Amino acid sequence: MEIQTTGLHHLALRVRDLGRAKQFYSGTLGFPVVLEKAGMVVIVNAGGTFIGLRGDDAQTEATDRFNPYRVGLDHVALALPDAAALDAVRRQLDAAGIQNNGVEDDAVLGGKYISFYDPDGIAWEPYASPAS
């Protein structure tokens, strides 16, 4: 079987506080809100990829927090046009007070990236692939 796809349509993330997540993704990272259903979901556009933010649910354990070592999502990498764009992202993250590790080399894929976490601890990487 081969699923014919044109790429990722959207990514849905469960968050602890929907308002806080909306502020972070839209206000801090600058992703425009494209849809909002009060108290249910906020969808932002991250360069053509829709990211759905879903508030916590009665089934969400009060102490639950993102863990990249559990089965499931490890991190989300956003494609950047080139390594030079990483410096601008680092400056923006620093200006917003978002802790990050600066520009790092990816020993596996050969690119460069910056790692940071959203308010729920979900790991993000703006990523620049090696020049072709």
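Residues numbered from 1 in each chain as written. Predicted model: local features only at pLDDT ≥ 70, side-chain atom pairs only at ≥ 80, totals over all residues. Heavy atoms only, no water.

1. Observations regarding the sheet that holds strand β4 (residues 49-54)
Ordered by their spatial adjacency, four strands build an open sheet running β1-β4-β3-β2, and the pairing between neighbours is mixed. Each edge of the sheet is formed by a strand with only one pairing partner; in this case those strands are β1 (10-14) and β2 (33-37). Adjacent strand axes in the sheet meet at a mean angle of 15° when their direction is disregarded. Sheet topology places β1 next to β4; five bridges connect them, and they run parallel. When the bridges of β4 are listed, Leu13 appears paired with Leu53. Sheet contacts for helix α1 (residues 18-28): β1, β2, β3 (41-46) and β4; angle to β4, the most-contacted strand, approximately 155°. (Pairing = 2+ DSSP bridges. Helix = DSSP H or I, 4+ residues; strand = E, 2+ residues; numbered from the N terminus. Axes fitted to C-alpha atoms, helices over the stretch in contact; angles between N-to-C directions. Contact = heavy atoms within 4.5 Å.)

2. Observations concerning the environment of Asp64
Of note, Asp64 is situated in the loop between β4 and β5 (76-79). Excluding residues within four positions of it along the chain, Asp64 makes contact with Arg16 and Arg70.

3. A short note on the layout of surface pockets
The volume enclosed by the largest pocket comes to roughly 470 Å³. Lining the largest pocket are 23 residues, and of these Phe31, Ala46, Leu78, Leu80 and Pro126 lie nearest its centre. Residue assignment for the lining of the largest pocket shows that the elements contributing at least two residues are β4, β5, α2 (83-95) and β9 (123-128). The greatest single-element share of the lining of the largest pocket, amounting to four residues, is contributed by β5. For the lining of the largest pocket, the class distribution of residues is 19 nonpolar, four polar and no charged. Roughly 380 Å³ of internal volume is contained in the second largest pocket. Forming the boundary of the second largest pocket are 16 residues, of which Arg14, Asp64, Arg65, Phe66 and Arg70 lie nearest the centre. (1 Å grid on protein atoms, 1.4 Å probe; cavity = no way out; pocket = protein on both sides within 12 Å on 5 of 7 lines; lining within 4 Å. Points joined across faces, edges and corners; volume = space filled by probe spheres on them. Nonpolar A, V, L, I, M, F, W, Y, C, P; charged D, E, K, R; others polar.)

4. Let's talk about the nonpolar core
Across soluble globular proteins, nonpolar side chains show a tendency to be buried alongside one another. Among the nonpolar cores identified, the biggest contains 24 residues, and Leu13, Tyr25, Ile51, Leu53 and Trp124 are the most heavily contacted of them. Contributions of two or more residues to this core are made by α1, β3, β4, α2 and β9. Residue contributions to this core peak at four residues, all from α1. When residues no more than four places from it in sequence are discounted, the contact partners of Ile51 are Leu11, Leu13, Phe31, Val42, Ile43, Val44, Ala46 and Trp124. (Core = buried A, V, L, I, M, F, W, Y, C linked by side-chain atoms within 4.5 Å. Buried < 20%, exposed > 50% of the residue type's maximum accessible area, 1.4 Å probe, protein only.)

5. Re the packing of aromatic side chains
Counted by the stated rule, this structure contains four aromatic pairs. Grouped by ring-pair contacts, the aromatic residues Phe24, Tyr25, Phe116 and Trp124 constitute a single cluster. (Phe/Tyr/Trp six-rings, centres within 6.5 Å; stacked < 30°, edge-to-face > 60°.)

6. Re the pattern of salt bridges
Summed over the entire model, instances satisfying the criterion amount to five salt bridges. The partner of Asp94 in a salt bridge is Arg90, with the nearest N and O atoms 3.3 Å apart. Of this pair, Asp94 and Arg90 both sit in helix α2, four residues apart, which is roughly one turn of the helix. Lys112 serves as the salt-bridge partner of Asp105, at 2.3 Å between the closest nitrogen and oxygen. The class for Asp105 is exposed, based on a relative accessible area of 55%. Here Lys112 falls in the partly exposed class, since its relative accessible area comes to 32%. (Salt bridge = Lys/Arg side-chain N within 4 Å of Asp/Glu carboxyl O.)

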